[in-house]
Amino acid sequence: GENVEQHPSTLSVQEGDSAVIKCTYSDSASNYFPWYKQELGKRPQLIIDIRSNVGEKKDQRIAVTLNKTAKHFSLHITETQPEDSAVYFCAASILSGAQKLVFGQGTRLTINP
Amino acid sequence: NAGVTQTPKFRILKIGQSMTLQCAQDMNHNYMYWYRQDPGMGLKLIYYSVGAGITDKGEVPNGYNVSRSTTEDFPLRLELAAPSQTSVYFCASNEWGGGGGEQYFGPGTRLTVT
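Just so we're clear, the structure is a prediction, and the values are computed from it rather than from any experiment.

Criteria and cut-off values
- Residues numbered from 1 in each chain as written.
- Chains lettered and ligands numbered in written order.
- Predicted model: local features only at pLDDT ≥ 70, side-chain atom pairs only at ≥ 80, totals over all residues.
- Heavy atoms only, no water.
- Helix = DSSP H or I, 4+ residues; strand = E, 2+ residues; numbered from the N terminus.
- Polar contact = N/O pair within 3.5 Å; in protein donor to acceptor, adjacent residues only side chain to side chain.
- Contact = heavy atoms within 4.5 Å.
- Core = buried A, V, L, I, M, F, W, Y, C linked by side-chain atoms within 4.5 Å.
- Buried < 20%, exposed > 50% of the residue type's maximum accessible area, 1.4 Å probe, protein only.
- Pairing = 2+ DSSP bridges.
- Axes fitted to C-alpha atoms, helices over the stretch in contact; angles between N-to-C directions.
- Disulfide = S-S within 2.5 Å.

J.: So what's going on with the side chain of A:Gln6? Residues and values would help.
T.: Residues and elements named next belong to chain A. By secondary structure assignment, the location of Gln-6 is in strand 1 (residues 4-7). Here the side chain of Gln-6 touches Cys-90 through a polar contact of 3.3 Å, landing on its backbone nitrogen. A polar atom in the side chain of Gln-6 sits 3.0 Å from the side chain of Thr-107. Leave out the neighbours within four places in its chain, and Gln-6 touches Ile-21, Lys-22, Cys-23, Trp-35, Tyr-88, Phe-89, Cys-90, Gly-104, Gln-105, Gly-106 and Thr-107.

J.: Residue-level account of the nonpolar core, with values.
T.: Counting 24 residues, the largest nonpolar core has A:Trp35, A:Phe73, A:Leu75 and A:Leu109 as its most contacted members. For this core, the elements supplying multiple residues, two or more each, are strand 2 (10-14), strand 3 (19-25), strand 4 (32-38), strand 5 (45-51), strand 7 (62-67), strand 8 (72-77), strand 9 (86-92) and strand 11 (107-112) of chain A. In contact with A:Leu75, not counting residues within four places along its chain, are A:Ala19, A:Val20, A:Ile21, A:Trp35, A:Ile47, A:Ile48, A:Ile62, A:Ala63 and A:Tyr88. In terms of nonpolar packing, the next biggest core, distinct from the first, is built from 19 residues, B:Met32, B:Tyr64, B:Phe74 and B:Val113 among them.

J.: Tell me about the sheet that holds strand 8 of chain A, and please be specific about residues and values.
T.: All names here are of chain A. Pairing within the open sheet is antiparallel, and its 5 strands lie in the order 1-3-8-7-6. Either end of the sheet is taken by a strand with one partner, and the two such strands are strand 1 and strand 6 (56-59). The mean angle between the axes of side-by-side strands here comes to 15°, regardless of whether they run parallel or antiparallel. Bridge count between strand 6 and strand 7: 4 bridges; the pairing is antiparallel. Opposite Asp-59, over in strand 7, you have Ile-62 as the bridge partner.

J.: Give me the state of the cysteines: which residues, what numbers.
T.: Tallying each qualifying case throughout the model produces 2 disulfides over all chains. The residue that forms a disulfide with A:Cys23 is A:Cys90, at a sulfur-sulfur distance of 2.0 Å. Taking the sign of the S-S torsion, about -100° here, the bridge from A:Cys23 to A:Cys90 comes out left-handed. Taken together, the residues span a long stretch of sequence, with A:Cys23 in strand 3 and A:Cys90 in strand 9 at a distance of 67 residues. Judged by relative accessible area, which is 0%, A:Cys23 ranks as buried. Judged by its relative accessible area of 0%, A:Cys90 is buried. Shown here is the disulfide that connects B:Cys23 with B:Cys91, its sulfur atoms set 1.8 Å apart. Where B:Cys23 bonds to B:Cys91 through sulfur, the torsion about that S-S bond is close to -70°, and the disulfide is left-handed. Placement of the pair is B:Cys23 in strand 3 (residues 19-25) and B:Cys91 in strand 9 (residues 87-94), with a sequence separation of 68 residues.

Take a look at the structure:
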């Protein structure tokens, strides 16, 4: 089955700098890659997603890139702000039937003022 | 809309006890999911449902059972609770299933088995 590895497990950046989180997946059939943000004690919430027919997607300060050949995808956050501090999870799924997400282990991002 | 709701918020069980975690959604979503999140880890899929009367196993189904008698409700049953089932349980739903799009999560149930 699918396996998703996420790095780093913790990341600390200065406010205003950029943050990059990377994930690799094992199943070449996976074609949907969402990123979820989870604040402390809260539920996960989708921040951006990408399908395998697209190489890059951007939404304001957040972007995701996908390299299908290498089977890895990355989350890029620019001009980081204190409210970006949270745990970020990548996931992978096959767009067929139910959306059976396989999650990475998570990255705890801390933005230092 | 209330979205996805879960009860209870917290529960402590003794080893060998049983309980049902409740999940309901008012968005008329066909697709519903149960995940568990162990401390410092990602979410793992326990069971999912593509519609009323249809359920299937996810990555970690052992020790759990589900039913889906209505579109709105998707309860998760724990039989003979074990310490390894100590976790936070999240229910989720989405509209498009495998068509992509956001899964909406409930607030979670924090379960401790001692």
